[in-house]
Amino acid sequence: MVADLRTSDDNHFSVQSNGGSGQAPIKQPFIIGVAGGTASGKTTVCNMIISQLHDQRVVLVNQDSFYHSLTNEQLQRVHEYNFDHPDAFDTELLLSCMDTLRHGRAVSIPNYDFKRHQQIEHSRMVNTADVIILEGILVLHDSRVRDLMNMKIFVDTDSDVRLARRIQRDTVERGRNIENVLDQYAKYVKPSFEEFILPSMKHADVIIPRGADNDVAIDLIVQHICTKLGQHNLCKIYPNVFVIYSTFQI
Ligand code: ADP
Ligand code: C5P
């Protein structure tokens, strides 16, 4: 069920210089990428991981925050815009924000409005943390983003389930009608999933079938993070899982 528990960088705890000022060395955060198709449960999985890491400082960064705002011209033809293409995101800005967080500094992350297809004026200030989770449909697509990650996760949920959830969510929360949701899904969401998102699954260290329904996979991931953070005793909520995990350690 859980494909592989290797992390991309077992040396994330190597300390970095703080410029020779004599201050304590800065410990680099453990960076986790969580990718998967639309409505696969990425956010739900992240929240489950965060709630189990209650003794760690964790921040969640959404790739959605880095959508380009549409111009007036694009807004008039919004039904011809592909929000599932890698070019829909400002990846340079995402890389810069992640780099700032990685080096222990707070950063301003944009807020995105799915109803207006625009950045919201007020961004949010995010402090760095022990664990940074970067979540989004295409976070495993670009090698520069992948290279930041210590652990890469792909949430693999059946596409019919995802479409059903998407219809529900977009009509209730994102101000869409069913006809538009289905048109967009057939024209852009499904083809881009097949072209860009699904192929990025091969970069994952861990694949979670059934998303948030898979408690076992989430427990194993949390135990692995705790081991990497050197905080076993703070995370031993599931001692049996920890024992099983130990036999899988490579
Ligand atoms: P994503 O971040 O991948 O778009 P979300 O976690 O936001 O997905 O989930 C999309 C929708 O599906 C939300 O309304 C969420 O409450 C619901 N959902 C997610 N996982 C489950 C699940 N395991 N069972 C039932 N509903 C779920
Ligand atoms: O939360 P989720 O991962 O589903 O968010 C990504 C999805 O949001 C994409 O599949 C994209 O089609 C959709 N989207 C949208 N309108 C926007 C921005 C993104 O429908 N303005």
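Since the structure is predicted, the reported quantities are computational estimates derived from the model, not experimental observations.

Visitor: Help me understand the sheet that holds strand 5 (residues 131–135) in this model?
Guide: Sheet strands pair by backbone hydrogen bonding; their relative direction is either parallel or antiparallel. Within the open sheet, the 5 strands sit side by side as 2-5-1-6-7. Their pairing is parallel. Two strands close off the open sheet at either side, each with one partner strand: strand 2 (58–62) and strand 7 (206–209). Taking the axes of each pair of neighbouring strands and ignoring which way they run, one obtains an average angle of 20° across the sheet. Pairing analysis gives 5 bridges linking strand 1 (residues 30–36) to strand 6 (residues 151–156), with the strands arranged parallel.

Visitor: What should I look at first to understand the site of ligand 2 in this one?
Guide: In the neighbourhood of ligand 2, 17 residues make up the surrounding shell, with Thr38, Asp84, Tyr112, His117 and Arg166 lying closest. Here a nitrogen atom of ligand 2 and a side-chain polar atom of Tyr112 are 2.8 Å apart. In the model, an oxygen atom of ligand 2 is placed 2.9 Å from a nitrogen or oxygen of the Arg169 side chain. Within the complex, the protein chains bury 98% of what would otherwise be the 470 Å² of accessible surface of ligand 2.

Visitor: I tried to follow the site of ligand 1 on my own but got confused; where do I start?
Guide: The environment of ligand 1 is formed by Gly37, Ala39, Ser40, Gly41, Lys42, Thr43, Thr44, Glu135, Arg165, Arg169, Ala212 and Asp213. Within the side chain of Thr43, an N or O atom sits 2.6 Å from an oxygen atom of ligand 1. Coverage of ligand 1 by the protein amounts to 67% of the 560 Å² it exposes when considered alone. Counting residues per element, the ones that place at least two in the shell around ligand 1 are helix 1 (42–52) and helix 5 (159–172).

Visitor: Help me understand the pattern of salt bridges, please; the structure alone is not making it clear to me.
Guide: Where charged atoms of side chains with opposite charge meet at close range, the side chains can pair. Enumeration over the complete set of coordinates arrives at 9 salt bridges. Between Arg144 and Glu92 there is a salt bridge, and its shortest N-O distance comes to 3.0 Å. Of this pair, Arg144 sits in helix 4 (residues 143–146) while Glu92 sits in helix 3 (residues 91–102), and the two are 52 residues apart along the sequence. The exposure class of Arg144 is partly exposed, given its relative accessible area of 37%. For Arg169, the salt bridge identified is with Asp170, shortest N-O distance 3.2 Å. A relative accessible area of 0% places Asp170 in the buried class. When salt bridges that share partners are traced, they join Glu92, Asp142 and Arg144 into one network.

Visitor: Looking at this structure, I do not really get the environment of Gly36. What am I missing?
Guide: Turning to its location among the elements, Gly36 is positioned in strand 1. Overall, Gly36 belongs to the buried group, its relative accessible area being 0%. Taking the C-alpha atoms as reference, Gly36 lies 7.1 Å from Gly136; in sequence the two are 100 residues apart. Those residues in contact with Gly36 that lie beyond four places of it in its chain are Lys42, Gly136, Ile137, Phe154, Val155 and Ile197.

Visitor: Would you mind showing me how to read the side chain of Thr157 here?
Guide: Assignment of secondary structure puts Thr157 in the loop between strand 6 and helix 5. Classification of Thr157 as buried rests on a relative accessible area of 9%. One polar contact links the side chain of Thr157 to the main-chain carbonyl oxygen of Ser40, over a distance of 2.7 Å.

Visitor: How should helix 3 be read in this particular structure?
Guide: Working note: α-helix, 3.6 residues per turn, so residues spaced by three or four point in the same direction. Taking 1.5 Å per residue as the helical rise, helix 3 with its 12 residues ought to reach 16 Å, and the 16 Å between its terminal C-alpha atoms agrees with that figure. Tucked inside the fold, the buried residues of helix 3 contact strand 1, strand 2, strand 3 (107–113), strand 4 (118–126), strand 5 and helix 4. Positive backbone phi, approximately 85°, marks Gly104, located one or two places after helix 3.

Criteria and cut-off values
Residues numbered from 1 in each chain as written. Chains lettered and ligands numbered in written order. Predicted model: local features only at pLDDT ≥ 70, side-chain atom pairs only at ≥ 80, totals over all residues. Heavy atoms only, no water. Pairing = 2+ DSSP bridges. Helix = DSSP H or I, 4+ residues; strand = E, 2+ residues; numbered from the N terminus. Axes fitted to C-alpha atoms, helices over the stretch in contact; angles between N-to-C directions. Near = heavy atom within 4 Å. Polar contact = N/O pair within 3.5 Å; in protein donor to acceptor, adjacent residues only side chain to side chain. Areas by Shrake-Rupley, 256 points an atom, 1.4 Å probe, with all protein chains shown as cover. Salt bridge = Lys/Arg side-chain N within 4 Å of Asp/Glu carboxyl O. Buried < 20%, exposed > 50% of the residue type's maximum accessible area, 1.4 Å probe, protein only. Contact = heavy atoms within 4.5 Å. Expected span 1.5 Å × (residues − 1).

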